Amino acid sequence: MGEVMTSRPRSLPLDATLYDAAQIMRDEGIGDVLVTYAGRLCGMVTDRDIVVRAVAERRDTSVTPLGDVCTADLTTIRAGDDTAEALRLMREQAVRRLPVVDDAQRPVGIVTLSDLAEAGDGLLAPLADIRRAPPSL
């Protein structure tokens, strides 16, 4: 996984605000921030989560904690796993992003559908059905 994942993914603690996450996403040109509690992965918030679960619900993003809107039931992968395993998990779970964690569930990276598409290796054909899958809320 190390060859295709983004190392040192951006993360924020569970009690950080949506505004904090949105600023990081804007400043770094990314669409997700991992959410941690005591350094361990406990969720992920995406730009879509902020729009659908916060802005559309008229929540105040400057005070709403990430814990109120993040996705907590995550599918993860280990750094030692291969790209075929990442693809299998993405297909099974209909997800476009997989946090990469160590044995203590600390985030060490993230692998996206785009990362796998760029890696090639014959993976491009099966990626089309993942992209067509409905987004998870």
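It should be emphasised that the depicted structure is a prediction, and the values quoted were computed from it without experimental measurement.

Peer 1: In this structure, what is going on with the environment of Ala-79? I would like to understand it.
Peer 2: Looking at the element boundaries, Ala-79 is found in the loop between strand S5 (77–78) and helix H3 (83–93). When neighbours within four sequence positions are excluded, Ala-79 is seen to be in contact with Met-1, Gly-2, Val-100 and Val-101.

Peer 1: It is not clear to me how the pairing of strand S6 (residues 97–101) should be interpreted in this structure. Could you clarify?
Peer 2: A regular strand carries its side chains on alternate faces of the sheet. In terms of burial, S6 is a largely internal element, four of the five residues being buried. With two bridges joining them, S5 and S6 adopt parallel strand pairing. Residue Arg-78 lies in a different strand from S6, and its bridge partner there is Val-101. Pairing of S6 with strand S7 (residues 107–112), which is carried by five bridges, proceeds in the antiparallel orientation. Considered in S7, the bridge of Arg-97 is made with Thr-112.

Peer 1: Please clarify how H3 should be interpreted in this entry.
Peer 2: Helical periodicity: at 3.6 residues per turn, an α-helix aligns residues three or four positions apart in one direction. Listed as buried for H3 are Thr-83, Ala-86, Leu-87, Leu-89 and Met-90. When H3 is viewed along its axis, its buried side chains cluster within an angular range of 165° and face the same direction. The backbone nitrogen of Ala-84 has a side-chain oxygen 3.3 Å away, supplied by the residue at the start of H3, namely Asp-82. Ala-94, located one to two residues past H3, shows a positive phi value of around 50°.

Peer 1: When you look at the side chain of Thr-64 in this model, what are you seeing that I'm missing?
Peer 2: Examined against the element boundaries, Thr-64 turns out to sit in the loop between helix H2 (47–55) and S5. Residue Thr-64 is classed as buried on the basis of its relative accessible area of 8%. Among the polar contacts listed, one links the side chain of Thr-64 to the backbone oxygen of Asp-60, at a separation of 2.7 Å. Not counting the four nearest positions on each side in its chain, Thr-64 is found in contact with Ala-16, Thr-17, Leu-18 and Arg-59.

Peer 1: Please clarify how the sheet that holds S7 should be interpreted in this entry.
Peer 2: Strand pairs in the sheet, formed through backbone hydrogen bonds, run parallel or antiparallel to each other. Sheet architecture is open: four strands sit in the order S1-S7-S6-S5, paired in mixed fashion. Two strands lie at the open edges of the sheet, namely strand S1 (6–7) and S5, each paired on one side alone. Packed onto the sheet, H3 meets S5, S6 and S7 and runs at close to 130° relative to S6.

What counts and what doesn't
Residues numbered from 1 in each chain as written. Predicted model: local features only at pLDDT ≥ 70, side-chain atom pairs only at ≥ 80, totals over all residues. Heavy atoms only, no water. Helix = DSSP H or I, 4+ residues; strand = E, 2+ residues; numbered from the N terminus. Contact = heavy atoms within 4.5 Å. Buried < 20%, exposed > 50% of the residue type's maximum accessible area, 1.4 Å probe, protein only. Pairing = 2+ DSSP bridges. Arc of directions from axis to C-beta. Polar contact = N/O pair within 3.5 Å; in protein donor to acceptor, adjacent residues only side chain to side chain. Axes fitted to C-alpha atoms, helices over the stretch in contact; angles between N-to-C directions.

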